[in-house]
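Listed below, chain by chain, are the residues.
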Amino acid sequence: MKIAIGCDEAAFELKEILKKYLNDNGVDVMDFGTKTKEETVLYPNVALDVANAVADKECERGVLLCGTGIGMAITANKVRGIRAAVCHDPYSAERSRKSNDAQILAMGARIVAPELAKYLVDIWLKCDFAGAGSTEKVERIKEYENCCNVDRAM
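All values reported here derive from a predicted model rather than from experimental measurement.

Quick word on the overall build of the protein chain
Part 1: Scanning the protein chain from terminus to terminus reveals six helices and five strands.
Part 2: Walking the protein chain from its N terminus toward its C terminus, one meets helices and strands in the order β-α-β-α-β-α-β-α-β-α-α.
Part 3: Over its C-alpha trace the protein chain gives a radius of gyration of 15 Å, about what one expects of a compact globule, namely 15 Å for 154 residues.
Part 4: By its C-alpha atoms, the protein chain is 40 × 40 × 25 Å across when sized along the principal axes.
Part 5: Expressed as a percentage of the 154 residues in the protein chain, the buried residues total 45%.
Part 6: Contacts in the protein chain between residues far apart in sequence, at least 24 positions, make up 70% of those at least 6 positions apart.
Part 7: For the protein chain, the accessible surface area stands at approximately 8100 Å², while carbon and sulfur atoms represent 52% of it.
Part 8: Here the protein chain holds 21 positive side-chain charges and 24 negative ones, and the gap between their average locations is 3 Å.

Concerning helix α1 (residues 12–24)
Part 1: Here α1 contains 13 residues, and its C-alpha end-to-end distance of 18 Å stays within 8% of the 18 Å for a straight helix at 1.5 Å per residue.
Part 2: Buried within α1 are the following residues: Phe-12, Leu-14, Lys-15, Leu-18, Lys-19 and Leu-22. Burial along α1 is one-sided: seen end-on, the buried residues are contained in an arc of 155°. Relative to its buried face, α1 has exposed residues pointing more than 90 degrees away, namely Lys-20 and Asp-24.
Part 3: Those residues of α1 that are buried lie in contact with β1 (2–7), β2 (28–31), β3 (61–66), β5 (104–108) and α5 (114–126).

Concerning the packing of aromatic side chains
Part 1: Scanning all chains against the criterion turns up zero aromatic pairs.
Part 2: Over the aromatic face of Trp-124 sits the side chain of Arg-61, whose NZ or CZ is 5.1 Å from the ring centroid.

Considerations on the state of the cysteines
Part 1: Enumeration according to the criterion identifies zero disulfides in this entry.
Part 2: Of the cysteine sulfurs around Cys-66, a residue in no disulfide, the closest is that of Cys-7, at 9.5 Å.
Part 3: Taking the relative accessible area as the measure of exposure, Cys-66 reaches 4% and is therefore buried.
Part 4: Cys-127 supplies the cysteine sulfur nearest to Cys-87, a cysteine that is in no disulfide, at a spacing of 10 Å.

What to know about the packing of α1 against α5
Part 1: Where α1 meets α5, the axes come as close as 10 Å, and the angle between the chain directions of the two elements is 50°. Between α1 and α5, the interaxial angle falls into the category oblique. In terms of crossing hand, the pair formed by α1 and α5 is right-handed. Residues Leu-14, Ile-17, Leu-18, Tyr-21 and Leu-22 of α1 form the contact with α5, whose own contacting residues are Pro-114, Ala-117, Lys-118, Val-121, Asp-122 and Leu-125.
Part 2: Here the contact of α1 with α5 is composed, by residue class, of nine nonpolar, no polar and two charged.

What to know about the pairing of β2
Part 1: Residues of β2 alternate between two faces, with Val-29 and Asp-31 buried on one and Asp-28 and Met-30 left unburied on the opposite face.
Part 2: Both β1 and β2 contribute to a ladder of four bridges, which runs parallel. Bridge pairing in β2 links Lys-2 to Asp-28.
Part 3: Taking the sense of rotation as the criterion, the β-α-β connection linking β1, α1 and β2 turns out right-handed.

Analysis parameters
- Residues numbered from 1 in each chain as written.
- Predicted model: local features only at pLDDT ≥ 70, side-chain atom pairs only at ≥ 80, totals over all residues.
- Heavy atoms only, no water.
- Helix = DSSP H or I, 4+ residues; strand = E, 2+ residues; numbered from the N terminus.
- Rg over C-alpha atoms; globule rule 2.2 N^0.38 Å.
- Buried < 20%, exposed > 50% of the residue type's maximum accessible area, 1.4 Å probe, protein only.
- Contact = heavy atoms within 4.5 Å.
- Areas by Shrake-Rupley, 256 points an atom, 1.4 Å probe, with all protein chains shown as cover.
- Lys, Arg positive; Asp, Glu negative; His and termini not counted.
- Charge placed at Lys NZ, Arg CZ, Asp CG, Glu CD.
- Expected span 1.5 Å × (residues − 1).
- Arc of directions from axis to C-beta.
- Phe/Tyr/Trp six-rings, centres within 6.5 Å; stacked < 30°, edge-to-face > 60°.
- Lys NZ or Arg CZ within 6 Å of the ring centre and 35° of its normal.
- Disulfide = S-S within 2.5 Å.
- Axes fitted to C-alpha atoms, helices over the stretch in contact; angles between N-to-C directions.
- Parallel < 35°, antiparallel > 145°, perpendicular 65-115°, else oblique.
- Left-handed = near helix turned anticlockwise from the far one by under 90°.
- Nonpolar A, V, L, I, M, F, W, Y, C, P; charged D, E, K, R; others polar.
- Pairing = 2+ DSSP bridges.
- Right-handed = clockwise from strand over helix to strand, strands pointing away.

Below you can see the structure in the form of structure tokens.
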């Protein structure tokens with residue numbers, strides 16, 4: 001499996017911990033930054049890069065990290081075909097995959113400690129979309145995305 005991972009400076013240390021953890025467990029990781037704790041970036045740029053890597057199928061899934069995970073998820077969800085979810089507990093990590101077929105996991109380094117983050121990533125990577133009662137709902141999300149995601153004149 002190949003995972004895209006990206007962060008801003010607030011989550012650099014957590015990104016490095018997760019990147020090593022994933023690599024040590026046989027996961028190929030494509031790093032979209034930031035490259036140092038001191039390098040400030042606009043997190044929407046990182047989120048867009050990771051979301052595009054997943055949408056373009058360069059990577060199977062993505063992990064986005066910032067202070068809360070919220071801004072990263074909001075930005076990633078702007079990319080057609082992407083479903084990003086903020087998860088800070090085991091149940092939301094599981095359901096983001098099983099019920100919503102989310103391809104991107106977003107977490108906040110100011111909210112989730114490293115050991116919990118590893119645990120959430122493990123849960124999230126092991127889960128697949130369950131389909132069943134959720135298939136119609138995810139398909140409706142895709143329909144809305146296709147009909148509502150048009151450029152509007154300002």
